[in-house]
Amino acid sequence: EPEVTQTPSHQVTQMGQEVILRCVPISNHLYFYWYRQILGQKVEFLVSFYNNEISEKSEIFDDQFSVERPDGSNFTLKIRSTKLEDSAMYFCASSDYKVETQYFGPGTRLLVL
Amino acid sequence: QKEVEQNSGPLSVPEGAIASLNCTYSDRGSQSFFWYRQYSGKSPELIMFIYSNGDKEDGRFTAQLNKASQYVSLLIRDSQPSDSATYLCAVSQGNNRLAFGKGNQVVVIP
């Protein structure tokens, strides 16, 4: 069964460093998403991406964040200068139509020291 | 702020019993509603989606939607220990995002 994959599974970085989180969405899906979940809190929407551009972004997704689809399979989230409060689980998701049945990857646990 | 509320605390149910979970939402424009299951330290796993008022059954799971009352629920029949997890209600907002509730923890006692 097709699934969303994410790398790395864990990332530890120093405050102020740049990190890139990688995702491979399900192959025939057209809509891609990033969500995050701070420990003990709810899953929060960051950004959606369709047709090589951002469709929608939340207030969390400020200038420190960017997304890219560098080739036909990967979808990346870059955090330019990490802060302590960026420590969270980051989930990539994909769907074959807007909003409908979004399937989540296993997540990347980011720890900023 | 458009909210998705799951207010009840941890739910303990005996094995074989029915677990009932509730969710309310504030955005009247929401059209699609989802239940995800999340095991500790893992990612959300889609269980059910529902778009129309009424009931939708899938195996041991039944989702119920009442758009007039802005209410969606999930019933788990014949609860099994493997059902022990946190259940997340998610609601579509706008065209491209899901808003999640905080989740309800379910513990099935053998």
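In the block above lies the structure referred to throughout.
My aim in this report is to walk through the structure given alongside it, one point at a time.

Rules of the game
Residues numbered from 1 in each chain as written. Chains lettered and ligands numbered in written order. Predicted model: local features only at pLDDT ≥ 70, side-chain atom pairs only at ≥ 80, totals over all residues. Heavy atoms only, no water. Buried < 20%, exposed > 50% of the residue type's maximum accessible area, 1.4 Å probe, protein only. Helix = DSSP H or I, 4+ residues; strand = E, 2+ residues; numbered from the N terminus. Pairing = 2+ DSSP bridges. Disulfide = S-S within 2.5 Å. Contact = heavy atoms within 4.5 Å. Buried area = accessible area lost by both parts, 1.4 Å probe. Salt bridge = Lys/Arg side-chain N within 4 Å of Asp/Glu carboxyl O. Nonpolar A, V, L, I, M, F, W, Y, C, P; charged D, E, K, R; others polar. Axes fitted to C-alpha atoms, helices over the stretch in contact; angles between N-to-C directions.

### Comments concerning the pairing of strand β11 (residues 108-112) of chain A
Residues and elements named next belong to chain A.
Point 1. Only one face of β11 is covered, namely the face carrying Thr-108, Leu-110 and Val-112; the face carrying Arg-109 and Leu-111 is uncovered.
Point 2. Of the pairings in the sheet, the one linking strand β2 (residues 10-13) to β11 comprises four bridges and is parallel in character. The residue bridging Gln-11 from the neighbouring strand is Leu-110, located in β11.
Point 3. Two elements, strand β9 (residues 88-95) and β11, share three bridges in a ladder whose sense is antiparallel. What sits directly across from Ala-88, in β11, is Leu-110.

### With respect to the state of the cysteines
Residue and element names in this part refer to chain A.
Point 1. One pass over the structure, following the stated rule, counts two disulfides over all chains.
Point 2. Covalently, Cys-23 is tied to Cys-92 through a disulfide, its sulfur atoms 1.9 Å apart. Torsion about the S-S bond of the Cys-23 and Cys-92 cystine: about -60 degrees, corresponding to left-handed handedness. Pair noted here: Cys-23 is in strand β3 (residues 19-24) and Cys-92 is in strand β9, with a separation of 69 residues, a long-range link.

### Observations regarding the interface of chain B and chain A
Point 1. Across the boundary between the two partners, chain B contributes 23 residues, which contact 24 residues of chain A.
Point 2. Roughly 1900 Å² is buried in total at the junction of chain B and chain A, and carbon and sulfur atoms are behind 52% of that figure.
Point 3. Among the residues chain B hides against chain A, the three largest losses belong to Asn96(B), Arg97(B) and Phe100(B). Together they make up 35% of the total.
Point 4. Taken together, the links from chain B to chain A amount to two salt bridges.
Point 5. In this structure, Glu56(A) engages Arg97(B) in a salt bridge whose closest nitrogen and oxygen atoms are separated by 2.9 Å.
Point 6. Elements supplying a minimum of two residues to the side of chain B that touches chain A: β4 (33-38), β5 (45-50), β9 (85-93) and β10 (97-100) of chain B.
Point 7. When grouped by side-chain class, the residues that make up the side of chain B that touches chain A number 10 nonpolar, nine polar and four charged.

### Structural notes on the sheet that holds β3(A)
All names here are of chain A.
Point 1. The strand order β1-β3-β8-β7 describes an open sheet built from four strands, whose pairing is antiparallel. Strands at the two margins of the open sheet, each flanked by one partner only, are β1 (5-7) and β7 (65-68). Averaged over all neighbouring strand pairs, the angle between strand axes comes to 20 degrees, with direction disregarded.
Point 2. Of the pairings in the sheet, the one linking β1 to β3 comprises three bridges and is antiparallel in character. Bridge pairing in β3 links Thr-7 to Arg-22.

### Concerning the sheet that holds strand β8 (residues 71-76) of chain B
All names here are of chain B.
Point 1. With antiparallel pairing, five strands are arranged side by side in an open sheet as β1-β3-β8-β7-β6. Edge positions in the open sheet fall to β1 (4-5) and β6 (54-58), since each of these has one partner strand only.
Point 2. Where strand β7 (residues 61-66) and β8 come together, six bridges link them in antiparallel fashion. Pairing of Leu-65 across the sheet is with Val-72, part of β8.

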